[in-house]
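Fold and contact review
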Amino acid sequence: MGIFITFEGIDGCGKSTQVKLLDHALKEKKIETCVTMEPGGTEAGKIIRNILLGSEFSVDRYAQLFLFVADRAQHLEEVIRPALMSGKWVLCDRFVESTVAYQGYGLGLNKNFINLLHKEILGDTWPDLTFVLDCPVSVARLRLKTRRGETAELTSGKGDDPYETASLEFQERLRQGYLDLARKYPKRIALIDGSEDPKQVHLSIIKIIEKKKLWPSET
Ligand code: TYD
């Protein structure tokens, strides 16, 4: 069996960069990887992603929950489990904690119900390790603006991710939600300071992987 690692945090926390850096480090160690993301890690998932994040529909929060979970069920069956079975390391940009943070802490849906759904669809396929990249909302917003080449406030436009442009108060709830989850599940979830330089964040991630003996230490 391979190793299953997920990356979490508010939009602009630097997850995608860290997925790439870890993928690179694993390849240098001749470890086979499967880099993937949610929502949209399968063909069906891409359609679900368009419904959720496109500008065409306004999706009710319960419908959001079920669509994110549907995307995950498909992703697990089609991509994640087969990759783990073939011995690959699966690096997934967003997973269960995104739903608990965004639809639970953010939109106020029942977190016990969200957990119950996940127990059912995940079965034994829980991540071996989850990194929550924590950073102040102001830092994350600035990064998003820079990424978009904007100097103005982040405001919603056609086709924009509706969660990225949500209020500061919403983003703060997400951040606190992630911190709460990291406190609740300290064995699986590692909290990382995502406001540091990306190279430094990468080193912290490697240190944790070595400490957990997921790969042999070189020292
Ligand atoms: P994406 O463009 O993948 O953003 P990012 O690069 O920040 O991951 O968009 C995914 C958006 O969907 C993001 O704003 C978080 C949101 N989301 C949820 O609300 N619930 C979920 O379960 C998942 C997986 C994502």
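Right above here is the structure, for reference.
Bear in mind the structure is a predicted one, so any value in this text is a computation, not a measurement.

1. Looking at the side chain of Thr36
Note that Thr36 resides in strand 2 (residues 33-37). Judged by relative accessible area, Thr36 falls into the buried class, the value being 9%. A distance of 2.6 Å separates polar atoms of two side chains, one belonging to Thr36 and the other to His75. Setting aside residues no more than four positions away along its own chain, Thr36 makes contact with Gly41, His75, Val79, Val90, Leu91, Cys92 and Asp93.

2. Concerning the layout of surface pockets
Estimates place the volume of the largest pocket at around 630 Å³. Taken together, 33 residues make up the lining of the largest pocket; nearest its centre are Asp11, Lys15, Ser16, Asp93 and Arg94. Elements that contribute at least two residues to the lining of the largest pocket include exactly helix 1 (15-28), helix 2 (43-53), helix 3 (61-85), helix 4 (96-106), helix 6 (137-148) and helix 8 (198-211). By residue number, the principal contributor to the lining of the largest pocket is helix 1, which donates five residues. Tallied by class, the residues present in the lining of the largest pocket amount to eleven nonpolar, nine polar and 13 charged.

3. Focus: the site of the ligand
In the vicinity of the ligand there are 16 residues, among which Asp11, Arg49, Arg94, Thr99 and Asp161 approach most closely. Side-chain polar atom of Thr99 to an oxygen atom of the ligand: 2.5 Å apart, as the coordinates give it. Considering the ligand on its own, with 550 Å² of exposed area, one finds that the protein chains cover 91% of that surface. Secondary-structure elements contributing two or more residues to the shell around the ligand are helix 2, helix 3 and helix 4. The leading source of residues in the shell around the ligand is helix 4, at four residues. Split by residue class, the shell around the ligand holds five nonpolar, three polar and eight charged.

4. Regarding the environment of Asp193
Relative to the helices and strands, Asp193 is located in strand 5 (residues 189-193). In sequence terms Asp193 and Val132 are 61 residues apart; their C-alpha atoms lie 8.5 Å from each other. Not counting residues within four places of it along the chain, the set of residues in contact with Asp193 comprises Asp134 and Val201. A polar contact is formed between the side chain of Asp193 and the side chain of Ser195, at a distance of 2.6 Å.

5. Some words on the sheet that holds strand 4 (residues 129-134)
Within a beta sheet, neighbouring strands are joined by backbone hydrogen bonds and run either parallel or antiparallel to one another. Here we have five strands laid out as an open sheet, ordered 2-3-1-4-5, and parallel in their pairing. Each edge of the open sheet carries a strand with a single partner, namely strand 2 and strand 5. Across the sheet, the axes of successive neighbouring strands diverge by a mean angle of 20°, strand direction being ignored. Strand direction decides the pairing type here: strand 4 and strand 5, joined by five bridges, are parallel. Counterpart to Val132 in the pairing with strand 5 is Leu191. Across the sheet, helix 7 (residues 168-184) is in contact with strand 1 (4-8), strand 4 and strand 5; its angle to strand 5 comes to roughly 130°.

Rules of the game
- Residues numbered from 1 in each chain as written.
- Predicted model: local features only at pLDDT ≥ 70, side-chain atom pairs only at ≥ 80, totals over all residues.
- Heavy atoms only, no water.
- Helix = DSSP H or I, 4+ residues; strand = E, 2+ residues; numbered from the N terminus.
- Buried < 20%, exposed > 50% of the residue type's maximum accessible area, 1.4 Å probe, protein only.
- Polar contact = N/O pair within 3.5 Å; in protein donor to acceptor, adjacent residues only side chain to side chain.
- Contact = heavy atoms within 4.5 Å.
- 1 Å grid on protein atoms, 1.4 Å probe; cavity = no way out; pocket = protein on both sides within 12 Å on 5 of 7 lines; lining within 4 Å.
- Points joined across faces, edges and corners; volume = space filled by probe spheres on them.
- Nonpolar A, V, L, I, M, F, W, Y, C, P; charged D, E, K, R; others polar.
- Near = heavy atom within 4 Å.
- Areas by Shrake-Rupley, 256 points an atom, 1.4 Å probe, with all protein chains shown as cover.
- Pairing = 2+ DSSP bridges.
- Axes fitted to C-alpha atoms, helices over the stretch in contact; angles between N-to-C directions.

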